[in-house]
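Chain by chain, the residues run as shown.
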Amino acid sequence: MQQKITPNLWFDGNAKEAVDFYRDTFSGTILNTSYYPKEGLAGLQQNLAGKELAIDFRLGNYQFTAINAGPQFKFNPSISFMLNFDTTHDDMAREKLDWVWEHLIAGGGSAMMPISEYPFSKRYGWLKDRYGLTWQLTLTDPADQPKPFIVPSLMFSGRNKNRTEEAVDYYYSVFKNVGQGAVSRYPEASGAANAGSVMYADFMLENQWFAGMDSAVEQGFT
């Protein structure tokens, strides 16, 4: 099935380096590369003359675009990528999770939630890699509804706290091919999260899985 929604990742002049790092981690492939013109650029883009402008690449069966730009925008943890290591189809799922964790966190990455056992997963960790992009690695046993390896995850916090359900309903109204997965709610108020708000939900837009959650912590990002 053709992927209609492609995450675009903004890098500060080092898109090719980042793509090579992810390709090495996930045995990915580059699909297409476009370049800036060698002359005529002004301002911050002058330093990018002749360099990569955008790189389309694939990790597993999932396609991304890396944009080579400037310092105007930075990643923040409100958007991360969930990596599902499925124990029902891979006896080495835990070992592969640990290997990817060590590879992604190397060279300047940091743990946001240490890799450990949690109530929702036998093995889970949330990290920020050397480029500021965040990844959630989880060991899954999806007997009911298997999920793809890579799922974009949206965290609602700050001025958008407790709005996951509102956002998902809005996306359902925008896209044609949609579907609902599991929904877990906070049974009572927990920090910034109201009772009944979304602890975790996954949903489909254009036949692609996404995840959303209301943060229980007052975050410095949104």
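Residues numbered from 1 in each chain as written. Predicted model: local features only at pLDDT ≥ 70, side-chain atom pairs only at ≥ 80, totals over all residues. Heavy atoms only, no water.

Undergrad: What am I meant to see in the packing of aromatic side chains here?
TA: A ring pair, where both rings are aromatic, is described by two values, the distance of the centres and the angle of the planes. Within the structure shown, the criterion is met by 20 aromatic pairs. Their ring planes at 45° and their centres at 5.7 Å tell us that F81 and W135 sit as a pair that is tilted. With F81 in strand β5 (residues 79-86) and W135 in strand β8 (residues 134-140), this pair connects stretches of sequence that are 54 residues apart. The two residues F81 and W135 agree in class, both being buried. (Phe/Tyr/Trp six-rings, centres within 6.5 Å; stacked < 30°, edge-to-face > 60°. Helix = DSSP H or I, 4+ residues; strand = E, 2+ residues; numbered from the N terminus. Buried < 20%, exposed > 50% of the residue type's maximum accessible area, 1.4 Å probe, protein only.)

Undergrad: Help me understand helix α1 (residues 15-26) in this model?
TA: Note: α-helices contain 3.6 residues per turn, so residues at a spacing of three or four share the same orientation. Taking 1.5 Å of rise per residue, the 12 residues of α1 would be expected to cover 16 Å, and the 16 Å separating its terminal C-alpha atoms lies within 8% of that figure. When we look at burial in α1, the residues that qualify are A15, A18, V19, F21, Y22, T25 and F26. Relative to the axis of α1, the buried residues are bounded by an arc of 160° and lie together on one face. Looking one or two residues beyond α1, the residue adopting positive phi is S27, at roughly 55°. (Expected span 1.5 Å × (residues − 1). Arc of directions from axis to C-beta.)

Undergrad: I would appreciate a short explanation of the pattern of salt bridges in the present structure.
TA: When the charged atoms of two side chains with opposite charge come close together, those side chains can pair. In total, this model carries 11 salt bridges according to the counting rule given. Ionic pairing is found between K74 and D12, a salt bridge with its closest N-O pair at 3.9 Å. Linking K74 in the loop between β4 (62-68) and β5 with D12 in the loop between β1 (8-11) and α1, this pair joins segments that are 62 residues apart in sequence. One network of salt bridges, with partners in common, ties together K16, D20 and R23. (Salt bridge = Lys/Arg side-chain N within 4 Å of Asp/Glu carboxyl O.)

Undergrad: Whenever I open this one, the environment of A54 confuses me. Can you help?
TA: Within the secondary structure, A54 is located in strand β3 (residues 52-59). Sequence separation between A54 and T87 is 33 residues; the distance between their C-alpha atoms is 35 Å.

Undergrad: How do you make sense of the nonpolar core when you look at a structure like this?
TA: Grouped burial of nonpolar side chains is what soluble globular proteins tend to show. Counting 30 residues, the largest nonpolar core has Y22, L83, L104, W135 and L137 as its most contacted members. Those elements that provide at least two residues to this core are β1, α1, β3, β4, β5, α2 (93-105) and β8. Discounting residues that sit within four places of it in the chain, Y22 has contacts with F11, S27, F57, L59, L104, D129, Y131, L133 and W135. (Core = buried A, V, L, I, M, F, W, Y, C linked by side-chain atoms within 4.5 Å. Contact = heavy atoms within 4.5 Å.)

Undergrad: Looking at this model, I keep getting lost on unusual backbone geometry. Mind explaining?
TA: Excluding glycine, residues mostly carry a negative phi; peptide bonds, for their part, are mostly trans. If you check the backbone angles, S27 has positive phi at about 55° while not being a glycine. By the secondary structure assignment, S27 is in the loop between α1 and β2 (29-35).

Undergrad: What is the right way to look at the sheet that holds β5 in this model?
TA: Strand pairing in a sheet takes place through backbone hydrogen bonds and is either antiparallel or parallel in direction. What the eight strands build is an open sheet, ordered β6-β7-β8-β5-β9-β12-β11-β10; its pairing is mixed. Looking at which strands have only one partner, the edges of the open sheet turn out to be β6 (110-118) and β10 (178-185). Averaged over all adjacent pairs, the angle separating strand axes in this sheet is 20°, with direction ignored. When strand β7 (residues 121-128) meets β8, the two strands line up antiparallel, connected through five bridges. Looking at the pairing, Y124 lines up with T138 of β8. Contacting β9 (150-156), β10, β11 (198-205) and β12 (208-214), helix α3 (residues 164-174) crosses the sheet at an angle of about 10° to β11. (Pairing = 2+ DSSP bridges. Axes fitted to C-alpha atoms, helices over the stretch in contact; angles between N-to-C directions.)

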